[in-house]
Amino acid sequence: QQQVKQSPQSLIVQKGGIPIINCAYENTAFDYFPWYQQFPGKGPALLIAIRPDVSEKKEGRFTISFNKSAKQFSLHIMDSQPGDSATYFCAASDNTDKLIFGTGTRLQVFP
Amino acid sequence: GAGVSQSPSNKVTEKGKDVELRCDPISGHTALYWYRQSLGQGLEFLIYFQGNSAPDKSGLPSDRFSAERTGGSVSTLTIQRTQQEDSAVYLCASSLGPGGTQHFGDGTRLSIL
């Protein structure tokens, strides 16, 4: 019940493409859903986050889509750039505050 | 400092030795978290501090793992009698308070020979 399932494990797109990463959860108590970006040798950095009272949130080229009934959420990266090449993690949290992470998606954007 | 600082950045030790990993959170952040990232895996929660208290230790994998936080600031994660399966990147995060955005350090890469 505490798991967050993330797919795909890896993703390769051309510059300008729109990679989509999907996550699913079971615990209906989760009320905070962040996405983190991690570059090699660095710690994860918060990219964008959503709460279940909205179905979509956009920040720059990054959009989260949230489907509460399906218990799924996804990250879309518009006009992807080689600099977006990184590992992306979805996560979820309930009022216990700890983050439960997905297993990560390694994104490669080729010029 | 400007961000969460962890030391050492890399640690190589022999099986059976004890190790101490240090985390300096962002100044003023009352909440502090430890996570473990194994190769090809997501981050696994270990322990959460609010001030000097640890209301959630549920992620510590065994009694060989312990952590403390003093002065509401620096935290130390200690692993006793290290095993090869302890090899991982240990990440620390801090936030202004419960529910706040968690800011991560760059981690300590621990290798057990």
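Only a predicted model underlies this, so the values are computations on that prediction, with no experimental measurement involved.

(A) Highlighting the overall build of chain B. The secondary structure content of chain B amounts to zero helices and 11 strands. Secondary structure elements in chain B, listed N-terminal to C-terminal, are β-β-β-β-β-β-β-β-β-β-β. Whereas a compact globule of 113 residues would reach a radius of gyration of roughly 13 Å, chain B reaches 13 Å, a difference of no more than 12%. Considering only C-alpha atoms, chain B reaches an extent of 35 × 25 × 25 Å along its principal axes. Residues counted as buried form 48% of the 113 residues belonging to chain B. At a minimum sequence separation of 6, the contacts of chain B that also span at least 24 residues come to 54%. Surface accessibility of chain B: about 5300 Å² in total, with carbon and sulfur atoms responsible for 45%.

(B) Focus on the overall build of chain A. Within chain A, the secondary structure is distributed over zero helices and 11 strands. In chain A, the succession of helices and strands from N to C terminus is β-β-β-β-β-β-β-β-β-β-β. The C-alpha radius of gyration computed for chain A amounts to 13 Å, which stays within 12% of the reference 13 Å derived for 111 residues, consistent with globular compactness. Dimensions along the principal axes, computed over C-alpha positions, put chain A at roughly 40 × 30 × 20 Å. Residues classed as buried in chain A amount to 47% of the 111 residues present. Counting contacts in chain A only where the partners sit at least 6 residues apart, residues at least 24 apart contribute 54% of the total. For chain A, the exposed area adds up to about 5500 Å²; of that, 49% sits on carbon and sulfur atoms.

(C) Layout of the side chain of Thr108(B). All names here are of chain B. If you trace the backbone, Thr108 turns up in strand β11 (residues 108–112). Assessed through its relative accessible area of 1%, Thr108 is described here as buried. Of note is the side chain of Thr108, whose polar atom sits 2.5 Å from the backbone oxygen of Pro8.

(D) Broad picture of the state of the cysteines. Under the criterion given, the structure shown has two disulfides over all chains. With its sulfur 1.9 Å from that of its partner, Cys23(A) forms a disulfide with Cys90(A). Since a negative S-S torsion denotes a left-handed disulfide, the Cys23(A)-Cys90(A) link at about -95 degrees is left-handed. Of this pair, Cys23(A) sits in strand β3 (residues 20–25) while Cys90(A) sits in strand β9 (residues 86–92), and the two are 67 residues apart along the sequence. Overall, the relative accessible area of 2% leaves Cys23(A) in the buried class. Residue classification places Cys90(A) among the buried positions, given a relative accessible area of 0%. Each sulfur of the disulfide joining Cys23(B) and Cys92(B) lies 1.9 Å from the other. On the S-S bond that ties Cys23(B) to Cys92(B), the torsion sits near -65 degrees, and the link is left-handed. Placement of the pair is Cys23(B) in strand β3 (residues 19–24) and Cys92(B) in strand β9 (residues 88–95), with a sequence separation of 69 residues. By the burial criterion, Cys23(B) is buried, and Cys92(B) matches it.

(E) Structural detail: the environment of Phe62(A). Residues and elements named next belong to chain A. Residue placement: Phe62 occurs in strand β7 (residues 62–67). Taking the C-alpha atoms as reference points, Phe62 and Ala91, separated by 29 residues in sequence, lie 16 Å from one another. Those residues in contact with Phe62, other than ones at most four positions away along the chain, are Leu47, Ile48, Lys57, Leu75, His76, Ile77, Asp84 and Tyr88.

(F) Local environment of the sheet that holds strand β8 (residues 72–77) of chain A. All names here are of chain A. Ordered by their spatial adjacency, five strands build an open sheet running β1-β3-β8-β7-β6, and the pairing between neighbours is antiparallel. Two strands in the sheet have a free side with no partner beyond their single neighbour: β1 (4–7) and β6 (56–59). Going from strand to strand, the sheet's axes swing by 15 degrees on average, the running direction of each strand aside. Alignment of β6 against β7, held across four bridges, turns out to be antiparallel. Counted as the bridge partner of Lys57 is Ile64 from β7.

About the thresholds
Going along each chain's sequence as written, the residues are numbered from 1 onward. Each chain takes a letter, starting from A, and each ligand takes a number, starting from 1, following the order in which they are written. In view of the model being predicted, local features appear only for residues whose pLDDT reaches at least 70, and side-chain atom pairs are presented and counted only at 80 or more, with totals across whole chains, interfaces and linings using the full set of residues. No hydrogens and no water enter the side-chain calculation; it runs on all heavy atoms of the structure. In DSSP terms, a helix is any run of H or I states spanning at least four residues, a strand is any run of E spanning at least two, and both are numbered starting from the N terminus. It is over C-alpha atoms that the radius of gyration is taken, and the globule rule equals 2.2 Å times the number of residues to the power 0.38. Buried means the residue's accessible area, taken with a 1.4 Å probe over protein chains only, is under 20% of the maximum for its type, while exposed means over 50%, and partly exposed covers the values in between. Contacts were defined at the residue level, with two residues in contact if any of their heavy atoms lie within 4.5 Å. The accessible surface values rely on the Shrake-Rupley method and a 1.4 Å probe; as for residues, cover is taken only from the protein chains in view. Any N or O atom pair separated by 3.5 Å or less is treated as a polar contact, with the protein-specific requirement of one donor-capable and one acceptor-capable atom, and with residues adjacent in sequence counted only for side-chain atom pairs. A pair of cysteine sulfur atoms is labelled a disulfide when the two atoms are within 2.5 Å. The pairing criterion is simple: DSSP has to find at least two bridges between the two strands. Axis lines are fitted to C-alpha atoms, over the contacting stretch for helices. Their N-to-C directions set the angle, which ranges from 0 to 180 degrees.

In short, shape yes, function no, at least from these values alone.
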